[in-house]
Amino acid sequence: MMEPQEIARLLEQGLNDARVHVDGDGHHFQALIVTPAFEGLSLIQRHRMVNEVLEAHLDSGVLHAISMRTLTPEQYDAERT
Amino acid sequence: MADIQDTIREQVENNDIILYMKGTPQFPQCGFSMRAAQALSGCGREFAYVNVLDDQDVREGIKQFGNWPTIPQLYINGELVGGCDIIMEMYESGELQKAVDGAGQEA
């Protein structure tokens with residue numbers, strides 16, 4: 001069983017200036033990831049970047065259980081206004 | 001495994017829109033595949049699909065082919081668009097409709 005905070009910590013360490021929030025019940029996780037590193041990248045490039053960080057630490061079963069949203073800081077701010 | 005990569009490449013090249021999924025659009029066998037197929041159906045165009053549960057080689061081979069760890073995987077115009085999260089996000093933003101409308105019209 002994996003804690004959401006553990007996944008958040010991996011992402012914060014692996015991505016530049018990332019703000020990360022992960023919810024989950026230990027089996028399924030939802031991650032919100034906000035970082036300027038996503039600027040200029042397509043969704044698939046962003047997800048690949050996140051997967052690479054996680055693949056190094058997690059087995060594929062856990063990786064499959066994570067759904068994610070990947071935003072730049074500008075996109076995140078725009079959503080909140 | 002070289003053969004299966006060739007088979008997948010052919011499928012992807014011969015179909016403008018193709019979804020690799022678990023189950024079928026009529027009878028999906030995984031929630032992620034179900035949502036992806038529904039979103040794609042909502043764009044109002046026919047699409048090809050491959051049920052990876054029918055063939056273990058495809059099920060493993062597609063992950064290598066797309067360099068993508070999960071299923072479903074959507075390909076449009078021969079390129080990987082993404083998995084379930086990306087498909088849903090693009091569906092909600094209208095980008096998926098645009099991509100589907102542009103399928104078959106090579107730039």
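Going by the structure above, here's the rest.
This section reports on the structure supplied with the text.

Criteria and thresholds
Every chain begins its residue count from 1, and numbering advances along the sequence as written. The order in which chains are written sets their letters, starting at A; the order in which ligands are written sets their numbers, starting at 1. Where local features are concerned, this predicted model is filtered to residues with pLDDT of at least 70; where side-chain atom pairs are given and counted, the filter is 80 or more; whole-chain, interface and lining totals use all residues. As a rule here, side-chain values come from all non-hydrogen atoms in the structure, and water together with hydrogens is ignored. Think of it this way: any DSSP run of H or I at least four residues long counts as a helix, any run of E at least two long counts as a strand, and we number them from the N terminus. For this measure, only C-alpha atoms enter the radius of gyration; the expected value for a globule follows 2.2 Å times N^0.38, where N is the number of residues. Remark: exposure states derive from per-residue accessible area (1.4 Å probe, protein chains only) relative to the maximum for the residue type, with buried under 20%, exposed over 50%, and partly exposed in between. Every residue pair with non-hydrogen atoms within 4.5 Å of one another is taken to be in contact. For the area figures, the Shrake-Rupley method with a 1.4 Å probe applies, and any residue is considered shielded solely by the protein chains shown. Under this rule, positive means Lys or Arg and negative means Asp or Glu; His and the chain ends count for nothing. Here the site of a charge means atom NZ of a Lys, CZ of an Arg, CG of an Asp or CD of a Glu. Here the aromatic set is Phe, Tyr and Trp, taking the six-membered ring for Trp, and pairing holds for ring centres within 6.5 Å; pairs whose planes are under 30 degrees apart are stacked, those over 60 apart are edge-to-face, and all others are tilted. By arc we mean the arc of the directions from the helix axis to the C-beta atoms, nothing more. Paired strands are those between which DSSP finds at least two bridges. Here, axes are lines fitted to C-alpha atoms. For helices the fit covers the stretch in contact, and angles between N-to-C directions go from 0 to 180 degrees.

Moving on, we get to the overall build of chain B. Looking only at helices and strands, chain B features 5 helices and 4 strands. Secondary structure elements of chain B, listed N to C terminal, follow the sequence α-β-α-β-α-β-β-α-α. What you see for chain B is a C-alpha radius of gyration of 13 Å, in line with the 13 Å of a compact globule of 107 residues. Judged by the C-alpha coordinates and their principal axes, chain B covers about 35 × 35 × 20 Å. When burial is assessed residue by residue, chain B has 48% of its 107 residues classed as buried. Pairs at least 24 apart in sequence give 64% of the contacts found in chain B among residues at least 6 apart. When the accessible area of chain B is evaluated, it comes to approximately 5,500 Å², of which 43% is carbon and sulfur surface. Side chains of chain B carry 7 positive and 17 negative charges; the gap between the two charge centres is 6 Å.

Further remarks concern the overall build of chain A. Along chain A, the regular secondary structure elements total 4 helices and 3 strands. Helices (α) and strands (β) of chain A occur, in sequence order from the N terminus, as α-β-β-α-α-β-α. The C-alpha radius of gyration of chain A comes to 12 Å, within 12% of the 12 Å expected for a compact globule of 81 residues. When the backbone C-alpha atoms are referred to their principal axes, chain A occupies close to 35 × 25 × 20 Å.

Residues and elements named next belong to chain B. Within the structure shown, the criterion is met by 2 aromatic pairs over all chains. The interplanar angle of 80° and the centroid separation of 5.8 Å between the aromatic rings of Tyr20 and Tyr75 together place this pair among those described as edge-to-face. Here Tyr75 lies in strand 3 (residues 73-76) and Tyr20 lies in strand 1 (residues 17-21), a separation of 55 residues in the sequence. With a relative accessible area of 0%, Tyr20 lands in the buried category. Residue Tyr75 is classed as buried on the basis of its relative accessible area of 2%. Pairwise contacts between aromatic rings join Tyr20, Phe65 and Tyr75 into one cluster.

Residue and element names in this part refer to chain A. Here helix 1 (residues 4-14) has its buried residues at Pro4, Ile7, Ala8, Leu10 and Leu11. The buried residues of helix 1 all sit within an arc of 160° when viewed along its axis, so they share a single face. Exposed and oriented more than 90 degrees from the buried face of helix 1 are Gln5 and Gln13. Where the residues of helix 1 are buried, they touch strand 1 (19-24), strand 2 (29-34), helix 2 (43-55), helix 3 (60-64) and strand 3 (66-71).

All right, on to the sheet that holds strand 1 of chain A then. All names here are of chain A. Pairing in this open sheet of 3 strands is mixed, and the strands run 1-2-3 from one edge to the other. Among the strands making up the open sheet, the edge pair consists of strand 1 and strand 3. Looking at each pair of strands side by side, their axes are set apart by 15° on average, direction ignored. The pairing of strand 1 with strand 2 spans 6 bridges and is antiparallel. Each bridged residue has a counterpart across the sheet, and for Asp23 the counterpart in strand 2 is Gln30. Packing of helix 1 onto the sheet brings it into contact with strand 1, strand 2 and strand 3, and relative to strand 1 it is tilted by some 155°. Relative to the sheet, helix 2 contacts strand 2 and strand 3, its axis offset from that of strand 3 by approximately 125°.

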